[in-house]
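If you want the building blocks of each chain, they are given just below.
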Amino acid sequence: MITFETTIRVVPGPMQVADVPIDVSDAWIPVHGRRCLYKLFDDEFYHGGFVHNGFGGYFLIVSKKARDKVGVSVGRVITMTIAPDTSTYGCEMPEELAEVLATDAEANEVFHTLTPGRQRSLIYLVTAVKSVDKRIDRSLKIATALQIGRTDPRKILTTNQLMKTTFLTSSLAFLAACSGDDKPKTAEQAADSVRTVQTPKQVNEVVGVAVIEPAARISQLSAETGGLVRTVNVEIGQQVRKGQVLLTMDNAVETAQLRQANVKIKTQQDAIETARQNLQTLRVQLQKADADLKRNETLFAGKALTQKDLDDSRYTSQNLQQQIRASEAQVRQAEGQIGALRADIQYAGTVAGLKTVKAPANGTILSLDAKVGQYLSNNQSIGEFAPAGPLVAVTEVDELFALRVKVGQKAYVRPQGSDERLSTGTVVLTSPYLRKKSLFSDNAQNLEDRRVREVRVQLDNPGQVIIGARVECVINVK
């Protein structure tokens with residue numbers, strides 16, 4: 001057991017809760033999980049559980065029975081003791097529901113395949129009423145719902161089709177046996193036992209915890225390639241323009257590679273020019289050789305030239321033709337290497353350019369973790385960036401009210417636990433699907449049985465809020 005002092009306060013709901021010191025929750029949850037027994041002062045123990053407060057800590061919901069028993073109210077400093085909850089379900093199983101499950105093997109099997117959270121929700125449906133008859137009635141409805149695969153507690157008591165006519169007779173017999181009344185119930189009394197709950201009141205507002213973000217969402221700044229930071233040109237909170245250099249890294253190696261590539265291409269261009277001059281010389285020599293050959297053929301026909309001299313003329317012409325073809329191939333090869341060298345220059349210039357980190361858009365630097373002299377690895381995050389534009393409150397609406405929220409509805413945000421309005425706004429986006437898990441859950445192993453719909457509200461007065469702040473978002477759904 002752990003004993004500590006805390007204060008009763010109110011959270012939206014409204015609920016009265018007691019904050020748990022960080023050192024207590026850090027010591028408790030890894031060992032015992034989030035369920036526990038708690039007591040105020042020296043009173044009896046009650047079932048409870050750690051609830052995340054959205055700021056890295058936890059609180060316990062203090063039941064009205066526990067508060068009234070020791071006479072405490074909001075603002076009162078109390079002594080609270082927590083102990084491990086070794087019960088099967090994390091709360092007391094009502095006798096009525098236990099008896100129904102014991103006599104209905106199918107419902108009992110389905111019940112024990114549910115998550116602990118949903119089991120407790122079904123148990124709370126029964127313990128929420130004091131009348132034994134109503135507890136039995138709800139237990140029977142739960143059993144019938146489980147048999148047809150309906151496990152959502154919010155749907156079990158609001159469906160007129162759950163209680164089948166064939167089940168009514170056995171229900172009446174069970175009611176009589178458990179209530180101690182041997183007289184059979186009338187049809188009117190039987191109808192009372194299966195009456196559904198009253199229609200809920202009209203919902204005009206939906207409230208959810210929200211986080212303030214840019215409409216274009218916060219992005220991570222990162223270095224595309226590794227290197228040693230040489231200069232940091234901006235500060236946290238500074239507004240920047242798209243393409244502005246935020247920091248530079250040492251690029252001596254890349255600069256040297258670029259110079260080397262430029263030297264190589266210059267040398268290659270000179271080699272191509274020399275080859276072209278040689279080719280031109282060979283073509284001139286070929287023209288002379290062809291003229292000599294033609295003249296020698298005439299002389300040979302007039303028997304003024306020997307066969308050997310004619311053959312030598314032909315050889316000279318053919319040899320020059322071969323040399324020209326080889327020289328032309330050499331020029332083409334050299335020109336091809338020029339293309340490769342230009343690609344090397346482009347690559348070296350690109351790599352050198354990666355040694356700078358630039359602003360991806362107009363916006364504000366939210367955080368910057370790089371320092372001069374620090375070595376950055378490839379794709380290492382160096383800070384966060386908020387694109388310029390409107391701010392939105394990203395909130396979540398429970399599936400029970402998800403269809404009530406529409407684009408265009410008016411809303412406002414306020415500090416958590418306060419009625420002060422920070423800014424009005426308009427719903428600009430509603431997610432097309434329900435998430436299985438809360439966006440704001442800091443515990444990756446949280447297995448809550450609830451689904452939520454993401455909603456974004458564009459704020460009219462962004463200067464009244466801070467990016468990253470958690471607030472309450474109130475949406476008018478009338």
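Everything numeric here is computed off the predicted structure, so don't read it as measured data.

## Considering the packing of aromatic side chains
By convention here, two paired aromatic rings are described through the distance between centres and the angle between planes. Counted by the stated rule, this structure contains four aromatic pairs. Where Trp28 meets Phe50, the ring centres are 6.4 Å apart and the plane angle is 25°; that geometry is what we call stacked. Here Phe50 lies in strand E4 (residues 46-52) and Trp28 lies in helix H1 (residues 22-32), a separation of 22 residues in the sequence. By relative accessible area, Trp28 is classed as buried at 2%. A ring pair is formed by Tyr89 and Phe111, whose centres lie 5.8 Å apart and whose planes are at 65°; its orientation type is edge-to-face. Taken together, the residues Tyr89 in the loop between strand E6 (77-83) and helix H3 (95-103) and Phe111 in helix H4 (residues 105-111) connect sequence positions 22 residues apart. In this structure, Tyr89 and Phe111 share a single accessibility class: buried. An aromatic cluster is defined as three or more aromatic residues linked by ring pairs; in this entry it consists of Trp28, Phe50 and Tyr58. Over the ring of Tyr412 we find Arg421, and its NZ or CZ is 3.8 Å from the ring centre.

## Here we look at the packing of helix H5 (residues 116-127) against helix H6 (residues 132-147)
The description of two helices packed together rests on the angle between their axes and the distance between the axes. H6 packs onto H5 with a crossing angle of 150° between their chain directions and a minimal axis gap of 8 Å. For the element pair H5 / H6, the angle class is roughly antiparallel. Counted together, Leu122, Leu125, Val126 and Thr127 of H5 and Arg135, Arg138, Ser139, Ile142 and Leu146 of H6 form the full contact between these two elements. Looking at the contact of H5 with H6, its residues break down into five nonpolar, two polar and two charged.

## Quick word on the confidence of the model for the protein
Any residue range with low pLDDT should be treated as having predicted coordinates unsuitable for detailed reading. A residue-level look at the protein finds 87% of positions with pLDDT of 70 or above and a mean pLDDT of 83. Taken element by element, the predicted model of the protein shows its lowest mean pLDDT in helix H8 (residues 165-179) (35) and its highest in strand E18 (residues 423-430) (95). Note on residues 159-201: pLDDT is under 50 here. Beyond four places in sequence and across chains, it has 42 contacts. Across residues 442-448, confidence stays below pLDDT 50; counting only partners more than four residues off in sequence or on other chains, it has 11 contacts.

## Some words on the pattern of salt bridges
Applying the stated criterion across every chain, the model contains 17 salt bridges. Here Lys69 makes a salt bridge to Glu44, at a shortest N to O gap of 2.9 Å. Of this pair, Lys69 sits in helix H2 (residues 64-70) while Glu44 sits in the loop between strand E3 (35-40) and E4, placing them 25 residues apart in sequence. A salt bridge links Glu96 to Arg135, with the shortest nitrogen-to-oxygen separation between them at 3.8 Å. One end of the pair, Glu96, is in helix H3; the other, Arg135, is in helix H6, with 39 residues separating them in the sequence. Salt bridges linked by common partners bring Asp43, Glu44 and Lys69 together as one network.

## Overview of the pairing of strand E7 (residues 205-214)
Most of E7 sits out of view: seven of its 10 residues are buried. Of the pairings in the sheet, the one linking E7 to strand E20 (residues 470-476) comprises seven bridges and is antiparallel in character. The partner of Gly208 across the bridge, within E20, is Cys473. Across five bridges, E7 lies against strand E16 (residues 391-398) in antiparallel orientation.

## Thoughts on H1
Among all positions in H1, only Val24, Ser25, Trp28 and Ile29 are buried. The buried residues of H1 occupy an angular sector of 105° when projected down its axis, which confines them to one face. Pointing more than 90 degrees away from the buried face of H1 are the exposed residues Asp23, Asp26, Pro30 and Val31. After H1 finishes, the residue Gly33 shows a positive phi value of roughly 80°.

The rules we used
Residues numbered from 1 in each chain as written. Predicted model: local features only at pLDDT ≥ 70, side-chain atom pairs only at ≥ 80, totals over all residues. Heavy atoms only, no water. Phe/Tyr/Trp six-rings, centres within 6.5 Å; stacked < 30°, edge-to-face > 60°. Helix = DSSP H or I, 4+ residues; strand = E, 2+ residues; numbered from the N terminus. Buried < 20%, exposed > 50% of the residue type's maximum accessible area, 1.4 Å probe, protein only. Lys NZ or Arg CZ within 6 Å of the ring centre and 35° of its normal. Axes fitted to C-alpha atoms, helices over the stretch in contact; angles between N-to-C directions. Parallel < 35°, antiparallel > 145°, perpendicular 65-115°, else oblique. Contact = heavy atoms within 4.5 Å. Nonpolar A, V, L, I, M, F, W, Y, C, P; charged D, E, K, R; others polar. pLDDT = per-residue confidence, 0-100. Salt bridge = Lys/Arg side-chain N within 4 Å of Asp/Glu carboxyl O. Pairing = 2+ DSSP bridges. Arc of directions from axis to C-beta.

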